[in-house]
Amino acid sequence: MDAEDILFEEIDDLDSRWRRDVKQRKVQKALTFISQHIRVLSPMRRLPSELLREIFVWLSPCLQIYPDSAQNWPSSKDLPWAVSQVCRSWRAIALSLPSLWNHLPLVRKTPDNQFQLDVLKELLRRTGEAPLDIYFYFSHQFEHSTHPIINLLLRHCERWQYVTVYASFATLAAFEPIKRRLPTLRALTVTTYAGRASTTFSPLQFDAFEVAPKLREVELDLNLADNHTIKLPFSQLVYYKDHSSSRLAIHELQQVLASPFLETLILCADMLGVSFSFPPIILPRLRKLRLSDCFHYSYIGFLDRITVPAIEVLEIDGNMPLATLISMISRSDTPCRLKALVVRMATTHSSGDLRALLELTPALEILDISLVSANVLYALH
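Given the structure is predicted, the values throughout are model-derived calculations rather than measurements.

Moving on: the overall build of the protein chain. Broken down by element type, the protein chain carries 11 helices and 15 strands. Across the 381 residues that make up the protein chain, the buried fraction comes to 42%. Taking as baseline every contact in the protein chain between residues at least 6 positions apart, the subset at least 24 positions apart corresponds to 69%. Looking at the protein chain as shown, the accessible area adds up to about 20,400 Å², and 55% of this sits on carbon and sulfur atoms.

This is the structure we're talking about:
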C-alpha cells in the first residue's frame, strides 16, 4: 500500500470518527432537551381546570389539620402557598379559590406584627368576599383594648363565619365596633381569663356578639368577675357548650333552653349552690345532653325540670342518682329514642334502678356505666 492510499485511509477514519462524535453530540443534546422538557408531556398539563380546582380545594388547611385548639390551628406556613407558584395557570386557579385562603392563620401578638399584618392583608385580598374563619389568641401578656391586627380584621367583620376568641375581658372591648355587623357569623367560641385589667373593665356588659342572625353554635369558657356579663343570641342556638369556671347564670341558661332549635347542650360549669327555679320546660329537638363535673348533685334540679322527647345521647359525669335519670326519661316519648348512655358516677347503682333504666330505653345501643358490682350484673341476668 503506497503512501497515498494510507493517507486516504486515515482521512476516511478521521471522517467516520468525526461523524460519530457529531452524531453522539446530537443524540446527547436531544436527550438533554427531552429531559428538560419532559414535564411538558405530563398528564397534569392536560387535566381540565375544573378538576384541578377540585384537587386544590383539598389543600385547604382546615381539611388537613383539625383546628380544635390554638396549638392545632393552622399557621401561615400551613397555607398552600406553593400551589400558586408552580406555573401561570396553576396560580390563576389557586387565586380564584377563596376557600384555599379564608381559614386565616392564628391571630396573635407577635414580635413581628408587621409581617403578620402583611400576610393577613394578602389573604384578605385573595379571599375576595368569601366568609372568614378566624382564631384570635391573645395571651396573658396582652390585655389592651386595641391592636392593629384586630383593627384590620374588624373592617371585615361582615365576612366572619367561624370565630374563636381567647382573651381577657378587657381585650374584648376591642370588638365593640362589630356590634350589629355580623350577618354571616355561624359559630362562636369565647374563652376569657381574669386579667389584671379585667377587674376595672368598663362597661361591665359585653354585647358585641348579641346581634348575629345566623349564629347557631356557641361555646363558652368564661372566667368573669361577678359584675361582668356577656350577652349572646342564646334563644336561636342549635349547639351550646359551657365549661366556664364562673357559675352559669340561670337567666342565660333559660334563654338557651328557650331556643326551639336546640339539639346539643353541654354543661360543664360549676352549678354548686345554684337554684333551678325556672318552670318545667320541654326541649323538643334536643338530641344530645352532656353534664360534667356535677359532683355535688348540683344538676338534679335541672334534670327535674326538663323533658327531652328526642334525646339520643345522654352523658353524665359526676354524682347523679339513677332515679333522677329514670324520672326524666319516663317523661319523654314512649318508647324512648335514647341510643347512647354514658354514666360515670362516684356512687354504685342498685340492680332495681339499673333494670328500670334499661327497660325505659329499648333503643339503647351503647351503655357505658361505672361502678356496677358483679351482684348487680348477676341480678340483671
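What follows is about the packing of aromatic side chains. A complete count under the given rule lists 10 aromatic pairs for this structure. Seen in terms of ring centroids, phenylalanine 56 and tryptophan 90 are 5.3 Å apart; in terms of plane orientation they differ by 65°. Their pairing is edge-to-face. Remark: tryptophan 90 occurs in helix H4 (residues 88-95) and phenylalanine 56 occurs in helix H2 (residues 49-57); sequence separation between them is 34 residues. A residue is classified by how much of its surface remains accessible, and tryptophan 90, at 19% relative accessible area, is buried. With a centroid separation of 5.0 Å and 85° between ring planes, the pair formed by phenylalanine 136 and phenylalanine 175 is classed as edge-to-face. One end of the pair, phenylalanine 136, is in strand E2 (residues 132-137); the other, phenylalanine 175, is in the loop between strand E3 (160-168) and strand E4 (187-193), with 39 residues separating them in the sequence. On the accessibility criterion, phenylalanine 136 (0% relative accessible area) is buried. Looking at phenylalanine 175, the relative accessible area reads 0%, which means it is buried.

All chains considered together, the criterion is met by nine salt bridges. In this structure, lysine 179 and aspartate 207 form a salt bridge, with 2.8 Å as the shortest nitrogen-oxygen distance. Here lysine 179, found in the loop between E3 and E4, pairs with aspartate 207, found in the loop between strand E5 (205-206) and strand E6 (217-221); they are 28 residues apart in sequence, far enough to count as distant. Here lysine 231 makes a salt bridge to glutamate 210, at a shortest N to O gap of 3.4 Å. Residue lysine 231 is found in the loop between strand E7 (229-230) and strand E8 (239-242), and its partner glutamate 210 is found in the loop between E5 and E6; the two are separated by 21 residues along the sequence. Salt bridges linked by common partners bring Glu122, Arg125 and Arg126 together as one network.

Looking now at the pairing of strand E14 (residues 340-344). Each regular strand shows side chains that alternate between the opposite faces of the sheet. Buried residues dominate E14, accounting for four of its five residues. Where strand E13 (residues 313-318) lies against E14, five bridges are found, and the strand directions are parallel. Residue pairing for E14: glutamate 315 is matched across the bridge by valine 342. One crossover worth recording links E13 to the parallel E14 by way of helix H9 (residues 322-330), and it is right-handed.

Axis separation between H2 and H4 bottoms out at 10 Å; the angle between their running directions is 60°. Considered as vectors, H2 and H4 are oriented oblique to each other. You can see that H2 and H4 cross each other, and the crossing is right-handed. Contacts between H2 and H4 involve Ser49, Leu52, Arg53 and Phe56 from the first element and Trp90, Ile93 and Ala94 from the second. For the contact of H2 with H4, a count of residues per class yields five nonpolar, one polar and one charged.

What follows concerns the nonpolar core. Membership of the largest hydrophobic core comes to 88 residues, with the highest contact counts inside it found for Trp160 and Phe302. When sequence neighbours within four positions are dropped, the list of residues in contact with tryptophan 160 reads Leu132, Ile134, Phe136, Leu153, Leu154, Phe175, Ile178, Leu182, Thr184, Leu185 and Phe209. In this structure, Leu106, Tyr135, Tyr137 and Tyr193 belong to the second largest nonpolar core, which totals six residues.

Let us look at a nonpolar patch on the surface. Judged by side-chain polarity, Val27, Leu31, Phe33 and Ile34 come together as a nonpolar surface patch covering roughly 390 Å² of accessible area. With respect to the secondary-structure elements, isoleucine 34 resides in helix H1 (residues 3-36).

Another aspect to go through is unusual backbone geometry. With phi around 65°, arginine 180 is a residue other than glycine that occupies positive phi space. Taking the relative accessible area as the measure of exposure, arginine 180 reaches 61% and is therefore exposed.

Before going further, it helps to spend a moment on the side chain of serine 292. Within the fold, serine 292 resides in strand E11 (residues 288-294). Among all residues touching serine 292, those that are not within four sequence positions of it are Leu267, Cys268, Tyr299 and Asp317.

Quick look at the pairing of E4 now. Of all seven residues in E4, six are buried, a share of seventy percent or more. One ladder, built from seven bridges, connects E3 with E4; its direction is parallel. Along E4, the bridge assignment pairs tyrosine 162 with alanine 187. Across five bridges, the pairing between E4 and E6 is parallel. From the neighbouring strand, leucine 188 faces E6, where its bridge partner is valine 218.

Reading the values: the criteria
- Residues numbered from 1 in each chain as written.
- Predicted model: local features only at pLDDT ≥ 70, side-chain atom pairs only at ≥ 80, totals over all residues.
- Heavy atoms only, no water.
- Helix = DSSP H or I, 4+ residues; strand = E, 2+ residues; numbered from the N terminus.
- Buried < 20%, exposed > 50% of the residue type's maximum accessible area, 1.4 Å probe, protein only.
- Contact = heavy atoms within 4.5 Å.
- Areas by Shrake-Rupley, 256 points an atom, 1.4 Å probe, with all protein chains shown as cover.
- Phe/Tyr/Trp six-rings, centres within 6.5 Å; stacked < 30°, edge-to-face > 60°.
- Salt bridge = Lys/Arg side-chain N within 4 Å of Asp/Glu carboxyl O.
- Pairing = 2+ DSSP bridges.
- Right-handed = clockwise from strand over helix to strand, strands pointing away.
- Axes fitted to C-alpha atoms, helices over the stretch in contact; angles between N-to-C directions.
- Parallel < 35°, antiparallel > 145°, perpendicular 65-115°, else oblique.
- Left-handed = near helix turned anticlockwise from the far one by under 90°.
- Nonpolar A, V, L, I, M, F, W, Y, C, P; charged D, E, K, R; others polar.
- Core = buried A, V, L, I, M, F, W, Y, C linked by side-chain atoms within 4.5 Å.
- Patch = residues over 30% accessible without salt bridge, like charges linked within 9 Å, V, L, I, M, F, W, Y side chains within 5 Å.

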